[in-house]
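Single-letter residue listing:
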Amino acid sequence: MLLHFASMLAGRATRKMLGTVLGGFMLLLPVPGAAEDWFSDDFETGTLRSSDSPPGRWDETPVSSSNTLVSDAAAAHRGLFGLLLTDRSSTTAFQASADVARPALTSSFFFRTWLRLRSVSTSGDVVLVQALPALVELRIARQDPVWELAVRNGSGRQYVSRRTPTTEPVQEDRWYLVEFGARGLGSPAGQAWLWLDGIEVGSLSGLDWQDEAYQLEQLRVGEPWTDTGSFVGSIDVDDVRVSASPMASRLELRLQEARSGCIAVAVSLRASSEGALAPAPYEVPVTLGIQQGSGSFHANAGCKDAAVGAVRLPAGTSERRVYFRPSGAGGLATLRASHPDFLPATLTVEGTGSPGEPPDGDEAAGPWTMDLGCSAATGGFAMLLGPWVLWRRRLPPRTTKPR
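Rules used in this analysis
Residues numbered from 1 in each chain as written. Predicted model: local features only at pLDDT ≥ 70, side-chain atom pairs only at ≥ 80, totals over all residues. Heavy atoms only, no water. Helix = DSSP H or I, 4+ residues; strand = E, 2+ residues; numbered from the N terminus. Buried < 20%, exposed > 50% of the residue type's maximum accessible area, 1.4 Å probe, protein only. Contact = heavy atoms within 4.5 Å. Areas by Shrake-Rupley, 256 points an atom, 1.4 Å probe, with all protein chains shown as cover. Salt bridge = Lys/Arg side-chain N within 4 Å of Asp/Glu carboxyl O. Pairing = 2+ DSSP bridges. Axes fitted to C-alpha atoms, helices over the stretch in contact; angles between N-to-C directions. Core = buried A, V, L, I, M, F, W, Y, C linked by side-chain atoms within 4.5 Å. Disulfide = S-S within 2.5 Å. Phe/Tyr/Trp six-rings, centres within 6.5 Å; stacked < 30°, edge-to-face > 60°. Lys NZ or Arg CZ within 6 Å of the ring centre and 35° of its normal. Polar contact = N/O pair within 3.5 Å; in protein donor to acceptor, adjacent residues only side chain to side chain.

(A) Quick peek at the overall build of the protein. A tally of helices and strands in the protein yields three helices and 22 strands. Taking all 403 residues of the protein together, the buried fraction comes to 47%. Taking all contacts inside the protein whose residues are at least 6 apart in sequence as the whole, residues at least 24 apart take part in 66%. Counting only carbon and sulfur atoms, one obtains 53% of the accessible surface of the protein, whose full area is about 18800 Å².

(B) Region of interest: the pattern of salt bridges. Going through the model one piece at a time under the given rule, you end up with 16 salt bridges. As a salt-bridge pair, Asp341 and Arg112 come within 2.7 Å of each other at their nearest N and O atoms. With Asp341 in the loop between β21 (332-339) and β22 (342-350) and Arg112 in strand β5 (residues 108-122), this pair connects stretches of sequence that are 229 residues apart. Here Glu252 ties to Arg270 by a salt bridge, and the two come within 3.1 Å at their closest N and O atoms. Of this pair, Glu252 sits in strand β15 (residues 248-257) while Arg270 sits in strand β16 (residues 263-271), and the two are 18 residues apart along the sequence. Here Glu252 matches Arg270 in class, with each residue buried.

(C) Broad picture of the environment of Gly293. Structurally, Gly293 can be placed in the loop between β17 (284-292) and β18 (295-298). Residue contacts for Gly293: discarding those within four places in its chain leaves Leu332 and Ala333.

(D) Summary view of the sheet that holds strand β4 (residues 96-105). Across the sheet, six strands lie side by side as β4-β13-β6-β7-β8-β9; this open sheet has antiparallel pairing. A single partner strand is all that each edge strand has here, and the edge strands are β4 and β9 (158-163). Across the sheet, the mean angle from the axis of one strand to that of its neighbour is 20°, orientation sign disregarded. One ladder, built from seven bridges, connects β4 with strand β13 (residues 216-226); its direction is antiparallel. Counterpart to Asp99 in the pairing with β13 is Arg220.

(E) Spotlight on the nonpolar core. Among the nonpolar cores identified, the biggest contains 48 residues, and Trp58, Phe109, Leu128, Trp147, Phe180 and Leu219 are the most heavily contacted of them. By size, the runner-up hydrophobic cluster in this structure holds 25 residues, among which are Ala280, Leu288, Phe342 and Val349.

(F) Structural view of unusual backbone geometry. Following Ser53, the chain continues to Pro54 via a peptide bond in cis, the omega torsion being 0°. Take Pro54: it is sitting in the loop between β1 (39-41) and β2 (68-72). With an omega dihedral of 0°, the bond running from Leu132 to Pro133 counts as a cis peptide bond. If you trace the backbone, Pro133 turns up in strand β6 (residues 126-133). In this structure, Ser119 is a non-glycine residue whose phi angle is positive, near 50°. Structurally, Ser119 is set in strand β5. One non-glycine residue, Asp197, lies in the positive phi region at around 50°.

(G) Main features of the pairing of β21. Inspection of the sheet shows β17 paired to β21 by five bridges, in the antiparallel sense. Bridging across to β21, Gly289 finds its partner in Arg336. Note that β21 and β22 share seven bridges and pair antiparallel. Residue pairing for β22: Leu335 is matched across the bridge by Leu347. Adjacent in sequence and paired antiparallel, β21 and β22 are bridged by two residues.

(H) View of the state of the cysteines. For the structure on display, the rule yields one disulfide. Sulfur-sulfur distance for the disulfide between Cys262 and Cys303 comes to 2.1 Å. Because the sign of the S-S torsion sets the handedness, a value of about 80° for the bond joining Cys262 and Cys303 places this disulfide among the right-handed ones. Of this pair, Cys262 sits in the loop between β15 and β16 while Cys303 sits in the loop between β18 and β19 (310-313), and the two are 41 residues apart along the sequence. Neither residue differs from the other here; Cys262 and Cys303 are each classed as buried.

(I) View of the packing of aromatic side chains. Per the counting criterion, the structure on display carries ten aromatic pairs. Summarising the aromatic geometry, the rings of Tyr282 and Phe342 are spaced 6.5 Å apart at their centres and angled 35° between planes, so their arrangement reads as tilted. Linking Tyr282 in the loop between β16 and β17 with Phe342 in strand β22, this pair joins segments that are 60 residues apart in sequence. Relative accessible area serves as the criterion here: at 22%, Tyr282 is assigned to the partly exposed category. For Phe342, a relative accessible area of 2% translates into the label buried. Arg157 extends its terminal NZ or CZ atom over the ring of Tyr214, reaching a point 5.1 Å from the ring centre.

(J) Expanded view of the environment of Thr317. As for its position among the elements, Thr317 is in the loop between β19 and β20 (319-326). Using a relative accessible area of 1% as the deciding quantity, one classes Thr317 as buried. Each C-alpha atom of the pair Thr317 and Val284 lies 9.5 Å from the other, and the pair is 33 residues apart in sequence. A polar side-chain atom of Thr317 sits 2.7 Å from the main-chain carbonyl oxygen of Pro314.

What follows is the structure, given as C-alpha cells:
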C-alpha cells in the first residue's frame, strides 16, 4: 500500500512538491516509546518512602544505630534533592538503605546511578547496592579503595568478584556515573559488567545462574552491608534507574553531512553497553555550546533560522539532528552537548572549504530517531525515504524536449 501511495505521489507531483509531502510525513512519524524502567527515582519529591507526603518511590528506608538516610539538597547531582546516607557507626553488618521490590526480572537487568563519597574519615569495605535475591552487588573495597563488582555463582552461591585497578582509587568529593548489568539470568552462561563514567572497567562471564534465585526482585541502595564496620563518612546517590535493557548514559555528537556553510550534526543518547542508541527516559533538554572556534546552532537545514542554544529529545527518542554554521575566520570548531544526567559529548568539525549545494528549505529537521523499526507501517515508510533521497539528489537537471 505504501509503495502504491508513493508511486501515485511521484506521478502527480513535482519534485519540489514530493519533497514537501515526504518531509511532512517524516515529521509526523510516531516515535517509539521508551521501555518503562523497572524502577527509577530522581529524588525530586524531597521524600523517600511511598507512604510519605508527597509519596516517594521506595518501599522502606531502614536505618541502624546512629546513621541517617534522608533526601537532601547537599546530595543532589541534578535537580533539588539526592539521597544522603551518613554512616557514623563502626559496626560490622547492615548500616542503612533504601529498599524497593517489584515483579521479578528473570533474564537481564541493568542499574545506573550517580554516586559520590564525602567527608570520609575512615575507609572500609562497604556494599553500596544489592540486587536480590541474585545477590549482584556494587562494592567499594578498602584497599586503596577501589570499586568492586561482586556476584554469586552456582547452586552453592560461591562468591566471585572483579575489582578495578588499584591505580585508579575511588576519589572523594567526585561524582561517578556507576553502572552494572547482568545477562543470562536463569542460564548456565551468565554475564556481568561494571562501567564507570561510561567505560567498562570489569566483567565476569561463564557464570552458572540456573538456580531460580538468580533474578532481580528487590533493590537495596545505600550501605546495606559492611564487612569491616570501619567506614565512616557520607554517600551521595542521585538519579537511580533499573531496567531490563541498557539505558542511556552519555550523549554523542556525530557528523551527518559536512558543508562549510551549514553542517548537519546528530545529537544522540547512547548506552555504555556496546554504545547502542538508547531512548530518553524523559524529555531531555540538551545544552549546545562551542568549546573552540565560533559559530551558531540552528534547528533547520540551511542555517537560515534563528540560532538556538539547546535541542530537546522527547521521551522515548534517541536522536535528533541540528545544524551548525561556522563564523569568524573559519577553521576548526569544537562543539559540545551536555545535560546533568548524562556524560557530555564533543565533536570537532571543519568549517572551511568550498561551499556545497545549499540545502533545500523543505528538508525536515526532526525530531527523529534511528530505531523506527521495519515491522510496522512507519518502519516500511521510513525504508522508502532512503532510496528516494538518493534518487532526488542524483536526478539530472530537467530539460524541455523539443517538439
